[in-house]
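# Observations on the model geometry
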Amino acid sequence: MPEGHTLHRLALAHDALFAGEGVHVSSPQGRFAPEAARLDGRVFERADSWGKHLWHRYAGGAIVHVHLGLYGSFAEFDLIDGAAPAPVGQVRMRIIGPNGGTDLRGPTACQLVSEEQVDDVLARLGPDPLRAESDPDDAWRPISRSRRPIGALLMDQKVLAGVGNVYRAEVLYRAGIDPHREGRSLSRDEFDGIWADLVALMPIGVERGRMHVVRAEDDHGAPSYAPDRPRTYVYRRTGEPCRVCGTPVRTATMEARNLYWCPTCQS
């Protein structure tokens, strides 16, 4: 599932492509057709995101809520002689502006919502490290009282919005914190260090479209888990030597998600 930096990056890209323009909205797949017809021809005012949720706001107060889930994705395209290319695959929502367009495929959610429904979603989400107005105290309070492991709490969007499996694994490694520790066992300084690291790392993901999490002095040796991804410390490196101490990286399942950590550096 895309992590929060991806949604913030999409919001910026959609603003650059559509903001202030009248757009053509359609649903080639048909599942969003009635809603698309209501939006077609309106001015796209802006896009914003919180955690893993994206909103498109149109003139007249119409709002589209998108949650990509496990399989959703946007694909931008150029206009050729002023015309859009034919849709490929199951396109839930297509937006075309004067300077190009985007196709949404496979989202968990794509629906017209009211401002009150937006507020309901936001009320269920924890603070987002990518939002300047977020208050880390809103995450510290539930973490400091919880018996759940910190590795699970960081993935709980009600506690902290936008963090997924990669950032979870990597910030805990960088902090030297065992992901199995109860949330209530963390000191405030330890939590503040995690929050500060997310605030520093996640904007890099927004800017570059890739999660860069390995410090420069450790960014060498074994290649990344995938050819088009930067190196990680522990994520998807099961059994490989830790980049710092050489101990084999371990993996386990925590609340139905794969967990990665170094038993020495995070002891």
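Residues numbered from 1 in each chain as written. Predicted model: local features only at pLDDT ≥ 70, side-chain atom pairs only at ≥ 80, totals over all residues. Heavy atoms only, no water.

Threshold: UniProt positions are given in the numbering used here, feature names are shortened, and annotations may be inferred rather than shown by experiment.
The name that an unreviewed UniProt entry assigns to the protein is DNA-(apurinic or apyrimidinic site) lyase, with the source organism given as Tsukamurella strandjordii. Quoted verbatim from the Catalytic activity (unreviewed entry) field of UniProt, the annotation for the protein is "2'-deoxyribonucleotide-(2'-deoxyribose 5'-phosphate)-2'-deoxyribonucleotide-DNA = a 3'-end 2'-deoxyribonucleotide-(2,3-dehydro-2,3-deoxyribose 5'-phosphate)-DNA + a 5'-end 5'-phospho-2'-deoxyribonucleoside-DNA + H(+)".

### As for the overall build of the protein
Convention followed: In this text, helices come from DSSP runs of H or I with a minimum length of four residues, and strands from runs of E with a minimum of two, each type numbered from the N-terminal end. Put simply, the radius of gyration uses C-alpha atoms, and a globule should come to 2.2 Å times the residue count raised to 0.38. Burial classification: accessible surface area is computed with a 1.4 Å probe over protein chains only, and a residue below 20% of its type maximum counts as buried, one above 50% as exposed, and the rest as partly exposed.
In terms of helices and strands, the protein carries seven helices and 11 strands. Here the protein has a C-alpha radius of gyration of 20 Å; the compact-globule value for 267 residues is 18 Å, and the two agree. Seen along its three principal axes, the alpha-carbon backbone of the protein occupies a region of about 60 × 40 × 30 Å. For the protein, with 267 residues in total, the buried portion stands at 49%.

### Some thoughts on the environment of H14
Note the threshold: Note on definitions: a residue-residue contact is assigned when non-hydrogen atoms from the two residues lie within 4.5 Å.
Among the structural elements, H14 can be located in helix 1 (residues 4–18). Residue classification places H14 among the buried residues on the basis of a relative accessible area of 0%. Sequence separation between H14 and R147 is 133 residues; the distance between their C-alpha atoms is 40 Å. Filtering out sequence-adjacent residues up to four positions away, H14 remains in contact with A19, F44, A47, L54, H56, F74, E76 and T102.

### A closer look at the layout of surface pockets
Applicable threshold: Of the two site types, the cavity is a set of points on a 1 Å grid over the protein atoms alone where a 1.4 Å probe fits but cannot get out, and the pocket is an open set with protein on both sides within 12 Å along at least five of seven lines, each lined by residues with an atom within 4 Å of a point. Grid points are joined across faces, edges and corners, and a volume is the space filled by probe spheres set on the points. The nonpolar class holds Ala, Val, Leu, Ile, Met, Phe, Trp, Tyr, Cys and Pro. Asp, Glu, Lys and Arg form the charged class, and all remaining residues, Gly among them, are polar.
The space that makes up the largest pocket amounts to roughly 550 Å³. Lining the largest pocket are 26 residues, and of these P2, V166, M211, Y225 and R229 lie nearest its centre. Where the lining of the largest pocket is concerned, the elements lending two or more residues are helix 1, helix 6 (165–175) and strand 11 (257–261). Here the element with the most residues in the lining of the largest pocket is helix 1; it accounts for four residues. The residue inventory of the lining of the largest pocket, partitioned by class, reads 10 nonpolar, eight polar and eight charged.

### Some points on helix 1
In an α-helix, one turn spans 3.6 residues, which is why side chains three or four residues apart end up on the same side. Let me state the cut-off plainly: Helix span is expected to be 1.5 Å times the residue number reduced by one.
Across its 15 residues, helix 1 extends 21 Å between first and last C-alpha, which sits within 8% of the 21 Å expected from 1.5 Å per residue. Taken together, the buried positions of helix 1 are occupied by G4, H5, L7, H8, L10, A11, H14, L17 and F18. Within two residues after helix 1, G20 carries a phi angle of roughly 85°, on the positive side.

### Looking at the sheet that holds strand 9 (residues 109–113)
For clarity, the cut-off: Being paired, for any two strands, means DSSP has found at least two bridges between them. Fitting a line to C-alpha atoms yields each axis, with helices limited to the stretch in contact; the angle taken between N-to-C directions then spans 0 to 180 degrees.
Reading across from one edge, 1-3-4-5-9 is the order of the five strands in this open sheet, with antiparallel pairing throughout. The open sheet has two edge strands, strand 1 (21–22) and strand 9, and neither has a second partner. Helix-sheet contacts for helix 1 involve strand 1, strand 3 (43–50) and strand 4 (53–58), and the interaxial angle to strand 3 is about 170°. Packing of helix 3 (residues 115–123) onto the sheet brings it into contact with strand 3, strand 4, strand 5 (63–67) and strand 9, and relative to strand 4 it is tilted by some 160°.

### Topic: the nonpolar core
For clarity, the threshold we go by: Residues belong to a common nonpolar core when they are buried Ala, Val, Leu, Ile, Met, Phe, Trp, Tyr or Cys residues joined through side-chain atoms within 4.5 Å.
Core analysis: the largest hydrophobic core is formed by 35 residues, its most contacted members being I150, L154, L160, Y167, I194, L198 and V234. Among the elements of the structure, helix 4 (137–145), helix 5 (150–153), helix 6 and helix 7 (188–208) are those that each provide at least two residues to this core. In terms of residues, this core owes the most to one element, helix 7, which gives seven residues. If we ignore the near neighbours within four places in the chain, the residues touching L198 are P129, L160, V163, Y167, V171 and P203.

### Observations regarding a nonpolar patch on the surface
For clarity, the cut-off: Patch construction takes residues with relative accessible area above 30% that form no salt bridge. Like charges are linked within 9 Å, and nonpolar side chains (Val, Leu, Ile, Met, Phe, Trp, Tyr) are linked within 5 Å. Working definition of accessibility: Shrake-Rupley area with a 1.4 Å probe, residue cover restricted to the visible protein chains. Salt bridge, as used here, is a side-chain nitrogen of Lys or Arg placed within 4 Å of a carboxyl oxygen of Asp or Glu.
A cluster of nonpolar side chains, namely M1, L70 and Y71, defines an oily patch on the protein surface of about 380 Å² accessible area. The residue M1 is located in the segment before helix 1 in this model.

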